[in-house]
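# Chains, contacts and geometry: an overview
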Amino acid sequence: MDNNYTVLARKYRSQDFKSLIGQDVLVKTLTTAINTGRIAHAYIFTGIRGTGKTSTARILAKALNCLASDGPTATPCGVCENCRAIAAGQHIDVMEIDAASHTGVDNIRDILDAAQYRPTNGRYKVYIIDEVHMLSTAAFNALLKTLEEPPAHVIFILATTEIRKVPVTILSRCQRFDLVRVPVDTLKKHFNWIAANEKIELTDAANELLARAADGSVRDGLSLLDQAIAQTGGHVDEAAVMDMLKRADRNVVVDFMDTILSGDTARALEMSDTIYTNGADLVMLLNDMMEWTHWATRMHPAINAGDGANSPYTADQREKTRKINSRVSLNTLSRIWQVMVAAVSEMQMSGNQKQCFDMLIVRMMHIADMPSVQEILKSNPKPAPQTVAPAPQTAAQNTENKIESAQDLGHAMQKDKQILLYTYFSENVEVCEISDGRLNYFDRKGDKDFAHKLSTWLEKYTGKPWTLVHSAQSCHVPTAIEHQQQELASDPMMAQAMGLFEGAEIVEVSK
Ligand SMILES: [Zn+2]
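Cut-off values and rules
Residues numbered from 1 in each chain as written. Predicted model: local features only at pLDDT ≥ 70, side-chain atom pairs only at ≥ 80, totals over all residues. Helix = DSSP H or I, 4+ residues; strand = E, 2+ residues; numbered from the N terminus. Buried ≥ 20, exposed ≤ 12 C-beta atoms within 10 Å, placed from the backbone. Contact = placed C-beta atoms within 7 Å. Pairing = 2+ DSSP bridges. Right-handed = clockwise from strand over helix to strand, strands pointing away. Axes fitted to C-alpha atoms, helices over the stretch in contact; angles between N-to-C directions. Parallel < 35°, antiparallel > 145°, perpendicular 65-115°, else oblique. Left-handed = near helix turned anticlockwise from the far one by under 90°. Nonpolar A, V, L, I, M, F, W, Y, C, P; charged D, E, K, R; others polar. Expected span 1.5 Å × (residues − 1). Core = buried A, V, L, I, M, F, W, Y, C linked by C-beta atoms within 7 Å. pLDDT = per-residue confidence, 0-100. Arc of directions from axis to C-beta.

When helices and strands are tallied, the protein shows 24 helices and 10 strands. For the protein, buried positions account for 30% of its 511 residues. Counting only contacts in the protein whose residues sit at least 6 apart along the sequence, the fraction spanning at least 24 positions is 71%.

Structure representation (structure tokens):
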């Protein structure tokens, strides 16, 4: 490496709209606007880092000020005095402000005061404010004042990665453009072109890995490519990139998921050790496992959303995934997905990632092994133990609308679709004593209308009047909801599930 090495991202920064990568919609809209003379006073570009916000801002500044044409042009020449100065970030009328370091109101006010004066060398004074969401409230207000009555020769170009932090008052005065994540294929094409230009060997598999790791950001992808070139001396292959990214091979990931989902804990932990020893980044591995789970879910016969041909997996890996899918339910995939999602932040915060990861594996295997709550409820249709005044089952069977227990009462309300009545009842009411035609209860909340509504409904439902006694004191029996939760928590299967989540509580039970 010579000392004059320019990082690729800088060397290959887009210089005109045509070479802006992956932002076709933006390019088309902006070009048309410039060609038809519809130039806004303020633009805001938003998108993740490295998608070309600052590049676009500079190209736009050149388009406005290029000397090769009589007015603004969508195809700035790139060689005139103005174009070159702007590209180098040295044009006197084009101010690039990094809001992260100019957050104060005085700074911004000084800058904006100068906006009143006419441009020196260009047609327009262009203010490019990068990471504009970092400005203080006072600074935003100063900016807003200028935006409300911008001098004719001033154009603002704001850029931000966090559009939600920009005040609506500012947004409403800007023409907004969203720069999208650059697709993998587009990145690959771009990297190939650069590799050829740089006389670098870049295999397709290595390129694919880099493009995926870039996650839509040209700049991130190019710094990875820089790093790969430096490490390999210009022969960038899959193994080198894998090593650099500390990625486990996708074969390993598929095999690992296979083991986890087959329930062989000892083997899974052994594999976790090996992968870790081989230098894989465990957070990255977790991402790969989630990626697999996502694709396995899409390919699952229960969903049948294609064969995963557009997934990052080879035909062999997809075949293996199909085999795993034939013995794993969709439910299991969705549950291990939830456990992994929860583990992402846990892993990032943990001081010992390996421990955290191993515990995750064990948790996933338990989850994969366990029937769902629905399945538990289906396979245990045992009648709820009756808290108060147990009534013989036969009696209830004969007369459909007979109410002889707290459970009967709850079920009857549900059956009769008395949703509001049931909701209130199940959450607040203790049934102290109940026998046909007489109910003694304690209402924890004490709604005035409840007694009236309940007795009206009871009479209509059972065809006879009821005597309702409102107990003044709690009789210390659970409400219907509490009863359901106790039931579920005492189920051995559910107890096991609860044990896996510290501090878990049953919030809702649905059938
Ligand atoms: Zn020019």
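Read on for the rest.
The next point concerns the pairing of strand E9 (residues 438-443). Taken together, the 6 bridges between strand E8 (residues 429-435) and E9 define a ladder with antiparallel strand orientation. Bridge pairing in E9 links glutamate 430 to phenylalanine 442. In this structure, the hairpin formed by E8 and E9 is closed by a connection of 2 residues, where glycine 437 is found at a positive phi of approximately 95 degrees. The sheet contact formed by E9 and strand E10 (residues 467-470) spans 4 bridges and is parallel. Looking at E10, one finds that arginine 438 is bridged to threonine 467. Following the backbone out of E9, through helix H22 (residues 450-462) and into the adjacent parallel E10, one traces a crossover that is right-handed.

Running from N to C, helix H16 (residues 330-349) and helix H17 (residues 353-369) cross one another at 165 degrees; their axes reach a closest spacing of 10 Å. With respect to H17, the axis of H16 lies roughly antiparallel. Considering the relative orientation of H16 and H17, their crossing is right-handed. Contacts from Thr332, Arg335, Ile336, Val339, Ala343, Glu346 and Met347 in H16 reach Gln353, Cys356, Phe357, Leu360, Arg363, Met364, Ile367 and Ala368 in H17. Its residues assigned to classes, the contact of H16 with H17 comprises 10 nonpolar, 2 polar and 3 charged.

Spatial ordering of the open sheet is given by E2-E3-E4-E1-E5, a layout of 5 strands whose pairing is parallel. Each of the sheet's edge strands pairs with one partner strand only, and the pair in question is strand E2 (94-98) and strand E5 (175-178). Shown here is a sheet whose adjacent strand axes are inclined to one another by a mean of 15 degrees, direction ignored. Inspection of the sheet shows strand E3 (residues 125-130) paired to strand E4 (residues 154-160) by 5 bridges, in the parallel sense. If you follow isoleucine 128 over to E4, its bridge partner there is isoleucine 157.

Okay, helix H14 (residues 282-299) next. For H14, built from 18 residues, the straight-helix expectation of 26 Å at 1.5 Å per residue is met to within 8% by its first-to-last C-alpha distance of 25 Å. All of the buried residues in H14 are Leu282, Leu285, Leu286, Asp288, Met289, Trp292, Thr293, Trp295, Ala296 and Met299. Residues of H14 that are buried make contact with helix H12 (250-262), helix H13 (265-277), helix H15 (315-327), H16 and H17.

Turning next to the sheet that holds E8. Sheet architecture is open: 3 strands sit in the order E8-E9-E10, paired in mixed fashion. Two strands lie at the open edges of the sheet, namely E8 and E10, each paired on one side alone. Neighbouring strand axes in the sheet, compared pairwise and without regard to direction, differ in orientation by 20 degrees on average.

Core analysis: the largest hydrophobic core is formed by 45 residues, its most contacted members being Val126, Phe156, Ile157 and Leu158. Among the elements of the structure, helix H2 (24-35), strand E1 (42-46), helix H3 (53-65), helix H4 (81-87), E3, helix H6 (137-148) and E4 are those that each provide at least two residues to this core. With sequence-adjacent residues up to four places away left out, valine 126 is seen in contact with Ala61, Leu64, Asp93, Val94, Ile155 and Ile157. Judged by nonpolar contacts, the second largest core, of 27 residues, contains Met257, Ile260, Trp295 and Ala343.

On to the confidence of the model for the protein, then. When the pLDDT values of the protein are averaged, the result is 86; 88% of them are 70 or greater. No element of the protein has a lower mean pLDDT than helix H19 (residues 393-398), at 40, and none a higher one than E1, at 97. Low pLDDT (under 50) marks residues 384-398, which in the prediction has 29 contacts with non-local residues, meaning those over four places away or in another chain.

Axis separation between helix H10 (residues 218-232) and helix H11 (residues 238-245) bottoms out at 10 Å; the angle between their running directions is 115 degrees. With respect to H11, the axis of H10 lies roughly perpendicular. H10 and H11 meet at a crossing whose hand is right-handed. From H10, Gln227, Ala228, Gln231 and Thr232 reach across to H11, where they touch Ala240, Val241 and Met244. In terms of residue class, the contact of H10 with H11 is built from 4 nonpolar, 3 polar and no charged.

Time to look at the environment of leucine 209. Positionally, leucine 209 belongs in helix H9 (residues 204-214). Assessed through the 24 C-beta atoms surrounding it within 10 Å, leucine 209 is described here as buried. Linking leucine 209 and valine 241, residues 32 residues apart in sequence, is a C-alpha distance of 7.1 Å. Setting aside residues no more than four positions away along its own chain, leucine 209 makes contact with Glu238, Val241, Met242 and Leu245.

Let us look at helix H8 (residues 184-198). Over its 15 residues, H8 runs 21 Å from end to end, which matches the ideal 21 Å to within 8%, given 1.5 Å per residue. Among all positions of H8, only Leu187, His190, Phe191 and Ala195 are buried. One side of H8 holds all its buried residues, which, seen down the axis, span an arc of 140 degrees. When the buried face of H8 is taken as reference, the exposed residues oriented beyond 90 degrees from it are Asp185, Trp193, Ala196 and Asn197. On the buried face of H8, the contacting elements are strand E6 (201-202), H9 and H10. One or two residues past the end of H8 sits lysine 199, with phi positive at roughly 55 degrees.

Next up on the list: unusual backbone geometry. The phi torsion at glutamate 131 lies on the positive side, around 50 degrees, for a residue other than glycine. Tracing the chain through its elements places glutamate 131 in the loop between E3 and H6. One non-glycine residue with positive phi stands out, namely aspartate 215, at about 50 degrees. Relative to the assigned elements, aspartate 215 resides in the loop between H9 and H10.

Right, let's talk about the environment of glutamate 319 for a bit. Here glutamate 319 is to be found in helix H15. For the pair formed by glutamate 319 and glycine 308, sequence separation is 11 residues and the distance between their alpha carbons is 9.9 Å.

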